[in-house]
Amino acid sequence: MANKDLKYTRNIGIMAHIDAGKTTTTERILFYTGITHKLGETHDGSATMDWMEQEQERGITITSAAVTANWNYNDKTYKINVIDTPGHVDFTVEVERSLRVLDGAIAVFCAVGGVEPQSETVWRQADKYGVPRIGFVNKMDRSGANFYEVVRQIKEMLGANAIPIEIPIGSEENFEGVVDLIQNKAIVWFEDAQLGSRFETREIPESLKEEAKEWRDKLVEAVAETNEELMERYFEDPDSITEDEMMEAIRTATIDRTITPMLCGSAFKNKGVQSLLDAAVTFLPSPLDIPPVKGTNPETDEEESRENSVNAPLSALAFKIATDPFVGRLAFIRVYSGKIDAGSYVKNPRTGKKERISRLYQMKSNKQIPQESIGAGDIGAGVGFKDIRTGDTLCDEKHPITLESINFPEPVIGVAVEPKSQADMDKMGVALGKLSEEDPTFRVQTDEDSGQTVISGMGELHLEVLVERLRREFKVECNQGRPQVTYKEAITQTVEHREVFKKQSGGRGKFADIHVTIGPTEDGKEGLEFINSVKGGNIPKEFIPSVEKGIKDAMVNGVLAGFVVDSLKVNLTDGSFHAVDSDQLSFEIAGRQAFKAACAKAKPILLEPIMKVEVVTPEEYMGDIIGDFNKRRGQVEGMESKAGARVVKAKVPLAEMFGYVTALRTISSGRATSSMVFSHFAEVSKAIATEVVKEAEGKVELL
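Quantities reported herein were computed from a predicted structural model and do not represent experimental measurements. Positions within a chain are numbered from 1, following the residues in the order the chain's sequence is written. With the structure being a predicted model, the display of local features is reserved for residues of pLDDT at least 70 and the display and counting of side-chain atom pairs for 80 or more, all residues being used for whole-chain, interface and lining totals. Calculation of side-chain values draws on the structure's entire complement of heavy atoms; hydrogens and water are dropped beforehand.

### Remarks on the overall build of the protein
Then step 1. A run of H or I in DSSP becomes a helix once it reaches four residues, and a run of E becomes a strand once it reaches two; helices and strands are each numbered from the N terminus. For the protein, the count of helices and strands is 17 helices and 39 strands.
Then step 2. We call a residue buried when its accessible area falls under 20% of the maximum for its residue type, exposed when it is over 50%, and partly exposed in between, using a 1.4 Å probe and counting protein chains only. Buried residues in the protein amount to 54% of all 703 residues.
Then step 3. Two residues qualify as a contact provided that any one of their heavy atoms is within 4.5 Å of a heavy atom in the partner residue. Within the protein, contacts between residues separated by at least 24 positions form 71% of all contacts whose residues are at least 6 apart in sequence.
Then step 4. Only the protein chains shown count as covering a residue, and every accessible area follows the Shrake-Rupley method with a 1.4 Å probe. For the protein, the exposed area adds up to about 31200 Å²; of that, 48% sits on carbon and sulfur atoms.

So, in structure tokens, the structure goes:
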């Protein structure tokens with residue numbers, strides 16, 4: 001793929017809150033770009049992108065699906081790699097890893113719901129990875145649709161400079177089309193018996209001329225603010241700025257993330273999708289507009305960058321692993337520089353090994369189109385890897401580089417599972433291994449004391465979907481326990497401790513003596529912060545990493561109830577060794593024992609996951625809903641009005657939120673809706689901590 005073609009490539013994702021219409025929008029994109037010849041619908045299970053059986057039954061997106069499509073605009077053919085991401089918070093990892101490799105995104109908002117909790121989450125994730133985006137207000141045909149209110153919410157709640165480049169003609173059942181503020185023309189959609197949904201360009205209706213002029217002036221002003229030369233001309237004569245200059249300036253400002261162009265439509269009614277595609281190829285960046293990717297040379301630890309060119313050394317990121325029943329393990333790859341050829345070898349810096357990629361594919365949801373090679377700026381999938389994980393870098397053997405990996409949130413909920421028969425037992429281990437390779441937020445652990453297998457994930461729905469996949473894809477039947485919250489442990493004081501480990505048996509003994517200061521980390525840093533302050537060779541250099549390893553291994557099981565301690569600051573201050581009896585294992589064991597003994601003295605506490613909950617309800621159920629939150633140890637943080645309903649925001653411990661959806665239906669006669677996003681970990685009260693510790697010691701029975 002030559003560099004000139006990269007100018008016409010777009011890697012875009014579609015992101016939004018659950019039920020804003022992402023998948024329907026993507027389905028329309030596939031239809032209008034000629035990938036599909038029949039309109040797929042999420043509600044009747046025929047969507048191309050929701051190809052898993054469960055997605056079709058539940059009408060939700062579970063995995064991000066990738067598709068390559070072509071779009072003709074201004075006599076140029078653009079190649080668009082589209083990734084449809086899930087909106088449900090339990091699958092937030094799918095959004096995270098997609099945004100890591102995309103150049104631009106379309107943020108879809110519901111014209112009635114506006115900015116919802118998960119919209120905020122995905123928006124923050126896009127900010128984290130610096131992804132330019134355009135906004136699409138969908139469902140303009142629904143009762144209560146209000147484009148201008150959604151734009152206001154995006155400005156206020158997301159802090160984005162949302163600038164409409166279209167305004168709607170009519171709304172709700174009278175939604176006919178849009179006014180294109182750049183071209184100053186009306187685009188109206190209508191149904192044609194032979195040709196389906198058609199549109200034509202007309203003059204702006206008289207009744208809208210005033211409003212269109214007002215919004216066009218706002219657009220010209222916003223664009224002029226981003227460009228000094230245009231600013232001067234704007235003051236002299238606003239009409240002197242040409243359409244092409246406007247387009248160019250909006251494109252630059254969108255890529256800089258100084259403005260977010262806003263469009264509107266109704267994907268379900270086939271209105272507004274063509275102009276959305278035009279805007280995506282016009283304003284969102286090509287791989288050439290993105291700065292060269294940075295990484296670290298694993299041999300020198302120096303920072304290096306790679307140009308977006310086929311001629312540069314290879315650098316690529318594996319952002320998703322999927323198990324396909326026909327081709328085996330598929331690794332989705334974004335190539336940043338160089339190119340990968342089918343049948344060639346690449347290096348994985350994490351394992352330090354060479355991998356042969358036997359076949360390459362371009363993706364069309366769950367179908368594959370074989371390719372000879374994938375070049376810089378493109379997204380594809382490869383088969384043939386022996387050992388690959390999400391977030392691994394693939395690079396040229398002679399020019400190694402490690403790209404920044406993807407950080408995944410810790411699981412917050414666990415369930416014990418056991419196979420129903422001996423035959424299921426063997427299959428279950430393999431199946432769980434494959435699922436945890438695919439999904440980095442899914443963990444599998446075996447409890448040493450009870451021998452139970454515990455699977456952990458991001459929420460009840462997440463685990464429900466995974467257990468269902470075990471049954472359907474891997475034909476494993478299993479019983480499961482009731483969901484358990486994943487607690488963490490922390491220490492609140494800094495203590496000094498000396499640990500002497502001595503063991504004398506026939507022959508060589510074991511000896512290690514260490515002095516450590518163990519305490520909580522500053523500024524909420526995660527992981528182990530290990531400082532070596534040993535002077536004068538009291539402990540030989542080669543034994544120091546063993547102390548660190550011992551402490552790191554011990555952090556998996558805290559002293560209160562065996563939960564993970566995920567942040568700790570350790571200073572190794574002194575110690576001594578025996579010339580014959582000391583070895584690495586002795587110091588590792590001393591590190592483990594020092595952790596246990598010191599943490600027990602450092603006032604350990606239990607931490608529980610707190611969820612951010614938002615409930616949209618009719619006014620009359622407000623009191624009952626707030627009362628229910630109080631019963632669940634929740635803290636109500638605010639109430640506001642939105643589209644004729646009331647919104648209650650609260651922070652509630654996850655332990656109290658099991659089965660909440662059912663309880664809410666009962667309280668509100670099915671009229672309220674809720675959404676829940678992980679917020680943070682907080683200390684558990686003494687009484688509840690005692691109960692949790694008791695329960696952890698007498699392991700929970702399977703249901």
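### Digging into the packing of aromatic side chains
Then step 1. Between rings of Phe, Tyr and Trp, where Trp is taken as its six-membered ring, a pair exists when centres lie within 6.5 Å; planes separated by under 30 degrees are stacked, by over 60 edge-to-face, and by other angles tilted. Overall, the coordinates contain 10 aromatic pairs when judged by the stated rule.
Then step 2. Taken together, the ring pairs in this structure connect Phe147, Tyr148 and Trp215 into an aromatic cluster.
Then step 3. Geometrically, a charge over a ring is one whose NZ (Lys) or CZ (Arg) sits within 6 Å of the ring centre while staying within 35 degrees of the ring normal. The ring of Trp215 has Lys218 lying over it, and the distance from NZ or CZ to the ring centre is 4.0 Å.

### A look at the sheet that holds strand 31 (residues 495-503)
Then step 1. One open sheet accounts for 4 strands, arranged 31-32-35-33; its pairing is mixed. Only two strands of the sheet have a single neighbouring strand rather than two, namely strand 31 and strand 33 (527-532). Taken over all neighbouring pairs, the strand axes of this sheet differ in orientation by 30° on average, direction set aside.
Then step 2. Here strand 31 runs beside strand 32 (residues 510-519); their pairing, made up of 9 bridges, is antiparallel. Residue Val495 lies in a different strand from strand 32, and its bridge partner there is Ile518.
Then step 3. Whenever a helix is involved, its axis is fitted only over the stretch in contact; in every case the axis is a line through C-alpha atoms, and angles between N-to-C directions fall within 0 to 180 degrees. Each of strand 32, strand 33 and strand 35 (567-576) is contacted by helix 13 (residues 544-554), which is oriented at about 155° to strand 33, the strand it contacts most.
Then step 4. Contacts from helix 14 (residues 584-601) reach strand 31, strand 32 and strand 35, with the element oriented near 35° to strand 32. At least two bridges found by DSSP between two strands is the condition for calling them paired.

### Focus: the packing of helix 13 against helix 14
Then step 1. Closest axis-to-axis distance for the helix 13/helix 14 pair is 7 Å, and the angle between their directions is 40°. When the axis of helix 13 is compared with that of helix 14, the two are oblique. As helix 13 runs across helix 14, the sense of the crossing is right-handed. Along its contact with helix 13, which presents Ser546, Val547, Lys549, Gly550, Ile551, Asp553 and Ala554, the element helix 14 presents Gln584, Phe587, Glu588, Gly591, Arg592 and Phe595.
Then step 2. Note on residue categories: nonpolar means Ala, Val, Leu, Ile, Met, Phe, Trp, Tyr, Cys or Pro, charged means Asp, Glu, Lys or Arg, and polar means any other residue, Gly included. Tallied by class, the residues present in the contact of helix 13 with helix 14 amount to 5 nonpolar, 4 polar and 4 charged. Small angles under 35 degrees read as roughly parallel and large ones over 145 as roughly antiparallel, with 65 to 115 read as roughly perpendicular and the rest as oblique. Here a crossing is called left-handed whenever its near helix is offset anticlockwise from the far helix by less than a right angle, and right-handed whenever the offset is clockwise.

### Structural notes on the pattern of salt bridges
Then step 1. A carboxyl oxygen of Asp or Glu within 4 Å of a side-chain nitrogen of Lys or Arg is what we treat as a salt bridge. By the definition in use, this model includes 37 salt bridges.
Then step 2. Note that Glu149 is salt-bridged to Arg152, the shortest N-O span being 2.7 Å. Taken as a pair, Glu149 and Arg152 lie in helix 6 (residues 147-158) at a separation of 3 residues, close to a single helical turn.
Then step 3. Connected via shared salt-bridge partners are Lys549, Asp553, Glu588 and Arg592.

### Describing the pairing of strand 4 (residues 104-110)
Along a regular strand, successive side chains alternate from one face of the sheet to the other.
Then step 1. Burial analysis of strand 4 places 7 of its 7 residues in the buried class, which makes it a mostly covered element.
Then step 2. Both faces of strand 4 are covered, namely the face carrying Gly104, Ile106, Val108 and Cys110 and the face carrying Ala105, Ala107 and Phe109.
Then step 3. Bridge count between strand 1 (residues 9-16) and strand 4: 5 bridges; the pairing is parallel. Residue Gly13 lies in a different strand from strand 4, and its bridge partner there is Ala105.
Then step 4. Alignment of strand 4 against strand 5 (residues 133-138), held across 6 bridges, turns out to be parallel. When the bridges of strand 5 are listed, Phe109 appears paired with Val137.
Then step 5. Call a crossover right-handed when, viewed with both strands pointing away from you, the route from the first strand across the helix to the second goes clockwise. Taken together, strand 4, helix 5 (residues 117-128) and strand 5 constitute a β-α-β crossover, and its handedness is right-handed.

### Thoughts on unusual backbone geometry
Then step 1. Phi at Asn74 is positive, roughly 50°, even though this residue is not glycine.
Then step 2. Looking at the secondary structure, you find Asn74 in the loop between strand 2 (65-73) and strand 3 (76-84).
Then step 3. Take Asn74: its relative accessible area is 57%, and that puts it in the exposed class.
Then step 4. Here Ser669, not a glycine, exhibits a phi torsion of approximately 55°, which is positive.
Then step 5. Residue Ser669 is classed as exposed on the basis of its relative accessible area of 55%.

### Observations regarding the sheet that holds strand 24 (residues 402-403)
Pairing between the strands of a sheet is mediated by backbone hydrogen bonds and can be parallel or antiparallel.
Then step 1. Here 3 strands make up an open sheet; going across it, the order is 13-12-24 and the pairing antiparallel. Each edge of the open sheet is held by one strand with a lone partner, namely strand 13 (303-306) and strand 24.
Then step 2. As judged from the 4 bridges shared by strand 12 (residues 293-296) and strand 13, these two strands associate in the antiparallel manner. Within strand 13, the residue paired with Lys294 across the bridge is Ser305.

### Quick notes on the environment of Arg152
Then step 1. Judged by relative accessible area, Arg152 falls into the partly exposed class, the value being 35%.
Then step 2. Separated by 38 residues in sequence, Arg152 and Gly114 place their C-alpha atoms 9.3 Å apart.

### Looking at the nonpolar core
Then step 1. In plain words, nonpolar cores are sets of buried Ala, Val, Leu, Ile, Met, Phe, Trp, Tyr and Cys residues tied together by side-chain atoms within 4.5 Å. Of all hydrophobic cores here, the largest spans 104 residues; its most connected members are Ile106, Ile134, Ile154 and Leu219.
Then step 2. Excluding residues that lie within four positions of it along the chain, Ile154 makes contacts with Phe109, Val115, Gly159, Ala160, Ala162 and Met262.
Then step 3. Core analysis: the second largest hydrophobic core is formed by 43 residues, Tyr621, Met622, Ala689 and Val693 among them.

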